[in-house]
Amino acid sequence: MTRTRGGMLLLAYFAFISLGLPDGLLGVGWPSVSEEFGVPRETVGVLLTVGTVGYLTSSVAAGFTIARLGVGRLLAGSTALCSISLAAYAVSRRSA
């Protein structure tokens, strides 16, 4: 396996993990999150709808983006954006 191919495989692995991690966390953590922020538990439906629209939009745009940037840059960028958003989740606090 060449170095480039190994790096691409590693990027694909991290992208796969970063796509599934927030969804799994949302289901388990939503009761605590809704209580902490004072949001009704039913609001998770809105959050899931917005997430679904985001997934659909990114699916449609993926072909154009791959053609423009290439697979490696797309994976690196998407993994970086997921990391930033997960870090924002981690440091967010309830506004008083």
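Residues numbered from 1 in each chain as written. Predicted model: local features only at pLDDT ≥ 70, side-chain atom pairs only at ≥ 80, totals over all residues. Heavy atoms only, no water.

Draft legend 1. A look at the overall build of the protein chain. From N to C terminus, the protein chain includes three helices and zero strands. Walking the protein chain from its N terminus toward its C terminus, one meets helices and strands in the order α-α-α. Principal-axis analysis of the C-alpha atoms places the extent of the protein chain at approximately 50 × 25 × 20 Å. The buried share of the protein chain, reckoned over its 96 residues, is 9%. Summed over all atoms, the accessible surface of the protein chain reaches about 7600 Å², with 70% contributed by carbon and sulfur. (Helix = DSSP H or I, 4+ residues; strand = E, 2+ residues; numbered from the N terminus. Buried < 20%, exposed > 50% of the residue type's maximum accessible area, 1.4 Å probe, protein only. Areas by Shrake-Rupley, 256 points an atom, 1.4 Å probe, with all protein chains shown as cover.)

Draft legend 2. Summary view of the side chain of Ser34. Its place among the elements puts Ser34 in helix 1 (residues 3-37). By relative accessible area, Ser34 is classed as buried at 4%. Among all residues touching Ser34, those that are not within four sequence positions of it are Val39, Pro40 and Arg41. (Contact = heavy atoms within 4.5 Å.)

Draft legend 3. Expanded view of the environment of Pro40. Summarising the element assignment, Pro40 is placed in the loop between helix 1 and helix 2 (44-69). Residue Pro40 is classed as partly exposed on the basis of its relative accessible area of 46%. Counting along the chain gives 18 residues from Pro40 to Ser58, while the straight-line C-alpha distance between them is 28 Å. If we ignore the near neighbours within four places in the chain, the residues touching Pro40 are Trp30 and Ser34.

Draft legend 4. Main features of the confidence of the model for the protein chain. When pLDDT is averaged along the protein chain, the result is 81, and 93% of the positions lie at 70 or above. Summarising per-element confidence for the protein chain, the mean pLDDT is lowest in helix 1 (78) and highest in helix 2 (88). (pLDDT = per-residue confidence, 0-100.)

Draft legend 5. Structural detail: the environment of Leu74. Note that Leu74 resides in helix 3 (residues 71-91). When its relative accessible area of 23% is taken as the criterion, Leu74 is described as partly exposed. Between the C-alpha atom of Leu74 and that of Ser59, which follows or precedes it by 15 residues, the distance is 13 Å.

Draft legend 6. View of helix 3. With 21 residues, helix 3 ought to run about 30 Å at 1.5 Å a step, and its terminal C-alpha atoms sit 30 Å apart, in line with that. Along helix 3, the residues classified as buried are Leu75, Thr79 and Cys82. Viewed along the axis of helix 3, the buried residues span an arc of 65°, placing them on a single side of the element. Away from its buried face by more than 90 degrees, helix 3 exposes Arg73, Leu81, Ile84 and Val91. (Expected span 1.5 Å × (residues − 1). Arc of directions from axis to C-beta.)

Draft legend 7. Quick look at the side chain of Thr79. Assignment of secondary structure puts Thr79 in helix 3. A distance of 2.8 Å separates a polar side-chain atom of Thr79 from the backbone oxygen of Leu75. Setting aside anything within four residues of it in sequence, one finds Thr79 in contact with Leu11, Phe14, Ala15 and Ser18. (Polar contact = N/O pair within 3.5 Å; in protein donor to acceptor, adjacent residues only side chain to side chain.)

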